[in-house]
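If you want the building blocks of each chain, they are given just below.
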Amino acid sequence: MFFRGRFLNTFSLFIIPLLCSMSGCSTLKGSKPILPIKKYEKMIVGRFDADYVGTTNCLAACHAHDRLRKYFDASTMGAQLKKESGLPLVDCESCHGPGSLAIKGLTRKLVEENAKKGIKTTCDYKTLIDLKALPAPAQSLICLKCHTANATFNLHNWNASIHAVNGVSCFDCHTVHKSPDLKVRPIDTGRLCFRCHQTTQVEFSLPSHHPLNEGRVFCTDCHDPHGGSSAMLLRKKSIKATCVQCHPEKRGPFVFEHADVAADCMNCHTPHGSVNNNLLVARQPFLCLQCHVGHRINSPAGGGKASAAIGSAFYSKCTDCHSGIHGTDTPSYSGQGRFTQ
Ligand code: HEC
Ligand code: HEC
Ligand code: HEC
Ligand code: HEC
Ligand code: HEC
Ligand code: HEC
Ligand code: HEC
Ligand code: HEC
Ligand code: HEC
């Protein structure tokens, strides 16, 4: 945040007036990056003397990165190298910064001669951006210079997301060089997220849980790790909307609603896991007794009008009779909505 703030200040103080005076402000309205991307990177690198040389020149003298390059060329980002795609060109220097200093004096001949002497030659990688050492917002900025553009996957909400605010960066979840497939598969999200969310991991191993470890439900069904307009990084605009995607019979509206209680499923359920059956926040009857006075049924067979008559049973599982607890269209025997059918 500090990083960005400072950059924007410098920007608004000096560069906007400069641009305006030079070219008229109309150019600012275009969808072009505010500065040429090259300038951004130089700022991050802090090396104004380095230049872009292109992937071919970068890798001309060595084979050490062959596998990595093959992966990258086969990936969606690497495929953008095709000029006719019309998308931003992505190559090694897009993320690692300009490479001229790193390969200065490095020729295939030198590499071969050194190899004969048993010396391993490396490029002067210290002149490239030290990606791992950058603060999280700066790491993300490297990706966001392209991934806020409409041509790419939409990440407009990232900067305001709880992850960004808490110092999580793109690098924490996306490993660019792992394989040609840059996609995060849903099945991998559990392990990915559990690294930092251990409480959630524990919740998913409680006796009643959403079948995440069983591979039937995924973190990303409910959450968008890149942020959005809903609380708790939810994909949908409310908790109820999140739940009824997969449990549509609970959506309603019903003739007899459980007041507005069912509008927030979390009044009675937890989302990940619980020690109680059916993901309930508390066991019956205590769940219900938080809001209701319990009652007895006056005939031993049950079914009579609820009363406190002596000699009748106090039932502990309210939903044995109030089975339509999420709302129902069928009135109870007294003609009211008691959720008994
Ligand atoms: C989309 C951004 C991006 C592009 C494009 C990219 N890299 Fe990387 N690269 C990274 C990141 C991020 C890391 C650091 C990963 C980490 O945290 O370990 C990295 C790490 C590396 C490393 C160190 C590997 C290691 O195991 O520590 C090498 C070498 C490398 N990149 C070479 C390349 C080459 C060669 C290309 C072009 C074919 C390239 N990169 C293109 C983002 C990129
Ligand atoms: C120079 C521009 C540029 C930079 C920098 C960049 N990307 Fe991309 N990225 C693209 C383009 C273009 C695509 C392909 C279009 C798309 O799928 O949205 C893409 C695609 C992706 C995809 C989707 C792959 C798929 O198969 O759907 C992921 C994931 C991704 N980038 C992650 C990153 C990460 C993480 C970083 C930072 C380390 C980064 N990108 C930096 C331009 C860039
Ligand atoms: C907390 C982990 C996390 C962080 C941080 C994160 N991502 Fe993702 N990203 C994911 C997951 C999980 C998916 C798969 C989403 C899905 O299945 O709907 C994804 C998907 C994507 C995609 C689309 C490709 C695809 O798999 O469909 C792009 C592009 C992308 N992320 C870029 C970024 C960039 C750029 C950043 C940093 C600004 C970032 N991500 C930060 C976890 C993360
Ligand atoms: C079935 C939907 C669903 C799935 C799947 C899901 N969540 Fe959640 N998660 C929620 C809802 C709903 C909330 C908000 C709960 C609240 O407001 O009380 C939440 C809250 C959270 C919170 C913040 C509150 C807390 O409990 O600490 C974290 C962190 C979280 N989820 C992480 C994860 C991770 C990590 C995964 C995958 C391993 C995951 N969630 C899978 C629905 C889900
Ligand atoms: C690198 C660590 C890291 C990873 C990986 C990570 N998170 Fe988080 N997440 C955090 C931090 C830090 C917070 C801030 C709140 C906190 O301390 O729990 C957070 C908060 C959240 C919240 C709570 C939002 C709120 O409003 O309270 C949810 C939901 C969440 N993460 C989901 C996910 C999901 C889903 C994944 C996997 C795709 C994931 N996280 C991966 C670090 C991480
Ligand atoms: C992506 C789909 C999906 C979403 C979203 C979802 N669920 Fe589920 N839910 C499931 C699946 C699958 C099961 C397991 C059903 C089975 O085993 O037959 C389940 C089971 C349940 C159970 C029964 C658990 C048990 O122990 O038998 C409850 C209660 C439940 N979900 C409530 C919720 C609530 C509340 C939400 C919103 C936070 C929600 N679900 C969101 C798919 C989903
Ligand atoms: C007033 C408390 C309460 C609220 C609010 C509530 N539930 Fe339930 N839910 C229960 C109880 C109690 C059970 C167990 C029923 C039983 O014992 O037969 C249950 C069971 C379930 C089940 C598993 C059994 C079944 O009927 O399929 C799902 C799924 C479920 N609820 C989803 C939801 C969703 C989605 C919401 C929000 C729209 C929600 N619940 C709101 C109390 C509630
Ligand atoms: C968060 C509080 C809350 C919880 C928990 C809750 N209820 Fe309710 N319930 C209400 C409210 C509020 C009403 C509407 C009261 C009214 O209209 O007089 C209601 C209405 C009812 C009614 C209809 C009463 C009438 O006068 O029409 C029944 C039956 C009922 N609840 C049973 C249950 C059962 C059984 C449980 C446990 C599974 C439960 N409730 C859990 C708040 C709750
Ligand atoms: C043996 C079946 C049975 C059980 C178990 C049961 N109820 Fe009832 N309940 C009824 C019947 C029948 C009515 C009256 C229905 C009518 O008026 O149509 C009723 C009415 C109610 C009412 C409406 C207010 C009133 O007193 O008229 C509430 C609230 C209620 N029950 C809550 C609960 C709670 C909480 C539990 C669990 C502690 C519970 N019930 C267990 C059968 C039962």
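Scroll up to find the structure.
Residues numbered from 1 in each chain as written. Chains lettered and ligands numbered in written order. Predicted model: local features only at pLDDT ≥ 70, side-chain atom pairs only at ≥ 80, totals over all residues. Heavy atoms only, no water.

> Where do I start with the overall build of the protein in this structure?
On a plain count of helices and strands, the protein comes out with 15 helices and four strands. Relative to its full complement of 341 residues, the protein shows a buried share of 27%. Of the contacts made within the protein by residues no fewer than 6 positions apart, 51% connect residues no fewer than 24 positions apart. About 22,300 Å² of surface is accessible on the protein, with carbon and sulfur atoms providing 60% of the total. (Helix = DSSP H or I, 4+ residues; strand = E, 2+ residues; numbered from the N terminus. Buried < 20%, exposed > 50% of the residue type's maximum accessible area, 1.4 Å probe, protein only. Contact = heavy atoms within 4.5 Å. Areas by Shrake-Rupley, 256 points an atom, 1.4 Å probe, with all protein chains shown as cover.)

> How do you make sense of the coordination of the iron atom of ligand 7 when you look at a structure like this?
Octahedral six-donor coordination of a metal ideally yields angles of 90 or 180 degrees, compared with 109.5 degrees for tetrahedral four-donor coordination. In this structure, His-269 (NE2) and His-326 (NE2) serve as the protein donors to the iron atom of ligand 7, at separations of 1.9 to 2.0 Å. Here the iron atom of ligand 7 is ringed by six donor atoms whose angles at the metal span 89 to 180°, and the overall shape comes out octahedral. Of this pair, His-269 sits in the loop between α14 (239–244) and β2 (273–274) while His-326 is found in the segment after β4 (306–307), placing the two residues 57 residues apart along the sequence. (Donors = N, O, S within 2.8 Å, 3.2 Å for Na, K, Ca; no water. Tetrahedral: all angles 85-135°; square planar, octahedral: opposite > 155°, others 65-115°.)

> Where do I start with the site of ligand 9 in this structure?
Residues in close proximity to ligand 9 total 16 residues, the closest being His-295, Cys-318, Cys-321, His-322 and Ser-334. Ser-332 is positioned such that a nitrogen or oxygen atom in its side chain is 2.6 Å from an oxygen atom of ligand 9. Between ligand 9 and the protein, one listed contact pairs an oxygen atom with a side-chain N or O atom of Ser-334 at 2.6 Å. In the shell around ligand 9, the residues fall into eight nonpolar, six polar and two charged. (Near = heavy atom within 4 Å. Polar contact = N/O pair within 3.5 Å; in protein donor to acceptor, adjacent residues only side chain to side chain. Nonpolar A, V, L, I, M, F, W, Y, C, P; charged D, E, K, R; others polar.)

> What's the story with the coordination of the iron atom of ligand 6 in this structure? I'm lost.
Around the iron atom of ligand 6, the donor atoms from the protein are His-210 (NE2) and His-247 (NE2), and they sit 2.0 Å away. Considering all six donor atoms around the iron atom of ligand 6, angles at the metal cover 87 to 179° and the coordination shape is octahedral. Note that His-210 is positioned in the loop between β1 (208–209) and α13 (219–222) and His-247 in the loop between α14 and β2, a separation of 37 residues in sequence. Note on His-210: relative accessible area 25%, which makes it partly exposed.

> Sorry if this is basic, but what is going on with the site of ligand 4 here?
In the region of ligand 4, 18 residues are neighbours, and Phe-194, Cys-219, Cys-222, His-223 and His-272 sit closest. The side chain of His-223 places a nitrogen or oxygen atom 2.8 Å from a nitrogen atom of ligand 4. Elements with a minimum of two residues in the shell around ligand 4: α11 (186–194) and α13. Residue classes in the shell around ligand 4 are distributed as 13 nonpolar, five polar and no charged.

> What am I meant to see in the side chain of Lys-145 here?
Relative to the elements of secondary structure, Lys-145 occurs in helix α8 (residues 136–147). There is a polar contact of 2.5 Å between the side chain of Lys-145 and the backbone oxygen of Ser-94.

> What's the story with the pattern of salt bridges in this structure? I'm lost.
Proximity of charged atoms lets side chains of opposite charge pair with each other. Overall, the coordinates contain six salt bridges when judged by the stated rule. Between Lys-250 and Glu-249 there is a salt bridge, with its nearest N and O atoms 2.7 Å apart. Note on Glu-249: relative accessible area 48%, which makes it partly exposed. Here the salt bridges do not stand alone but share partners, grouping Arg-185, Asp-188 and Arg-191 into one network. (Salt bridge = Lys/Arg side-chain N within 4 Å of Asp/Glu carboxyl O.)

> For this particular structure, what's the right way to read the packing of aromatic side chains?
Any aromatic ring pair is given by two values, namely how distant the centres are and how the planes are angled relative to each other. Tallying each qualifying case throughout the model produces one aromatic pair. Centre to centre, the rings of Phe-194 and Phe-204 are 6.3 Å apart; their planes meet at 50°, and the pair counts as tilted. Linking Phe-194 in helix α11 with Phe-204 in the loop between α12 (198–203) and β1, this pair joins segments that are 10 residues apart in sequence. A residue is classified by how much of its surface remains accessible, and Phe-194, at 10% relative accessible area, is buried. (Phe/Tyr/Trp six-rings, centres within 6.5 Å; stacked < 30°, edge-to-face > 60°.)

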